[in-house]
Amino acid sequence: MIKKEWENTKILLRNVPSPVITLFVVSVIVMNLLANKELFSAQYLALDCGFTVSWVSFLCMDILCKRFGAKASVRVSVYALFINLCVCILFKLLSLTPGMWGEFYTTEMPEVNAALNATIGGSWYVVVGSSVAMLSSSCVNAFFNKTIAKRLKKDNFGAFAIRSYVSTGIAQFCDNLVFALLVSHVFFGWTWIQVFTCSITGAVMELLCEVFISPIGYRVVKQWEAEDVGREYLEFIEEQDEA
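No experiment lies behind these values; they were computed from the predicted model shown.

Q: Could you clarify how one ought to interpret the nonpolar core in this entry?
A: Proteins that are soluble and globular tend to have nonpolar side chains buried together. Ranked by internal contacts, the top residues of the largest apolar core, which has 34 residues, are Leu12, Val16, Phe24, Leu64, Phe68 and Met134. Within the residue set of this core, elements represented by two or more residues are helix H1 (2–15), helix H2 (18–34), helix H3 (51–68), helix H4 (70–95), helix H8 (157–187), helix H9 (192–227) and helix H10 (231–242).

And the structure:
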């Protein structure tokens, strides 16, 4: 089973255009870093800065679902999470070195250097929380995207928009809720009202960002289809299904 999954993933990564893989991985890494900072916090509403880029990864997932299928989307998500974990470990190790950050020489305050080390090094609960949230939401997004696609008869932008917007809205809420429950509520002291309002508001804002840029995503998918991008992976999957 593991060997089969590894073979599927290797072929998939060879077939997905590198700009999408790069954008996906970078968005996950940046999202993880920005999740350390609150955008704002009020009595009934709170948001962290991670939401400003999380929609990028979901747009990539929707593109992958359309061309390569739901399982392919989850496989790339796991790959991005693995790279993110490696980056987090590297950041943590380098944050333990005795050197000073550039900002220290500007302020000459040791507290600034310690704060930067703590931020870049990351906290284990932020890494774990964001990873669990991302993995859960990628599975939710893939499931709803595939389920809705089966019920659509047309293959145009309207159909792409319906399957993408509905699946992304639900998955974004799941992503925000899991992270808020595991991290923000426990370690940042967010109230239950803040947890749910953040999950809902963040999902709406992230969905609006994707709605704005989704026409570009649709054109990318249509170009892939016209150029027969990913034929090797699609034929490989088809052969496995027939076996």
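Q: I keep staring at the confidence of the model for the protein chain and nothing clicks. Help me out?
A: Predicted coordinates in areas of low pLDDT are best not read in detail. With 97% of its residues at a pLDDT of 70 or more, the protein chain shows a mean pLDDT of 87. Element-level pLDDT for the protein chain is lowest in strand E2 (residues 46–48), with a mean of 71, against a maximum mean of 91 in H4.

Q: I would appreciate a short explanation of H2 in the present structure.
A: Since the α-helix turns once every 3.6 residues, residues separated by three or four places project in the same direction. The end-to-end C-alpha separation of H2 is 24 Å, in line with the 24 Å expected for 17 residues at 1.5 Å each. Residues of H2 that are buried include every one of Val20, Ile21, Phe24, Val25, Ser27, Val28, Ile29, Met31 and Asn32, and no others. Considering only its buried residues, H2 is in contact with H1, H3, H4, helix H7 (124–150) and H9.

Q: What is the right way to look at the packing of H4 against helix H6 (residues 110–121) in this model?
A: Two elements in contact, H4 and H6, have axes separated by 8 Å at closest approach and are oriented at 160 degrees. The angle between H4 and H6 places the two elements in the roughly antiparallel class. Crossing angle aside, the handedness with which H4 passes H6 is left-handed. Of the residues in H6, those in contact with Cys88, Phe91, Lys92 and Ser95 of H4 are Asn117, Ile120 and Gly121.

Q: Any chance you could explain the side chain of Asn15 here in plain terms?
A: Relative to the elements of secondary structure, Asn15 occurs in helix H1. Asn15 gets classed as buried once you look at its relative accessible area, which sits at 10%. At 2.6 Å, the side chain of Asn15 and the backbone oxygen of Ile11 are in polar contact. Other than its neighbours up to four places away in sequence, Asn15 contacts Phe68, Val229, Gly230, Arg231, Glu232 and Tyr233.

Q: What's the story with the pattern of salt bridges in this structure? I'm lost.
A: Two side chains bearing opposite charge may form a pair once their charged atoms approach each other closely. Evaluation of the coordinates by the stated rule reveals nine salt bridges. When the shortest N-O distance is used, the salt bridge between Glu5 and Arg75 registers 2.5 Å. Of this pair, Glu5 sits in helix H1 while Arg75 sits in helix H4, placing them 70 residues apart in sequence. The partner of Asp228 in a salt bridge is Arg231, with the nearest N and O atoms 2.4 Å apart. Since its relative accessible area comes to 31%, Asp228 is described here as partly exposed.

Rules behind the numbers
- Residues numbered from 1 in each chain as written.
- Predicted model: local features only at pLDDT ≥ 70, side-chain atom pairs only at ≥ 80, totals over all residues.
- Heavy atoms only, no water.
- Core = buried A, V, L, I, M, F, W, Y, C linked by side-chain atoms within 4.5 Å.
- Buried < 20%, exposed > 50% of the residue type's maximum accessible area, 1.4 Å probe, protein only.
- Helix = DSSP H or I, 4+ residues; strand = E, 2+ residues; numbered from the N terminus.
- pLDDT = per-residue confidence, 0-100.
- Expected span 1.5 Å × (residues − 1).
- Contact = heavy atoms within 4.5 Å.
- Axes fitted to C-alpha atoms, helices over the stretch in contact; angles between N-to-C directions.
- Parallel < 35°, antiparallel > 145°, perpendicular 65-115°, else oblique.
- Left-handed = near helix turned anticlockwise from the far one by under 90°.
- Polar contact = N/O pair within 3.5 Å; in protein donor to acceptor, adjacent residues only side chain to side chain.
- Salt bridge = Lys/Arg side-chain N within 4 Å of Asp/Glu carboxyl O.

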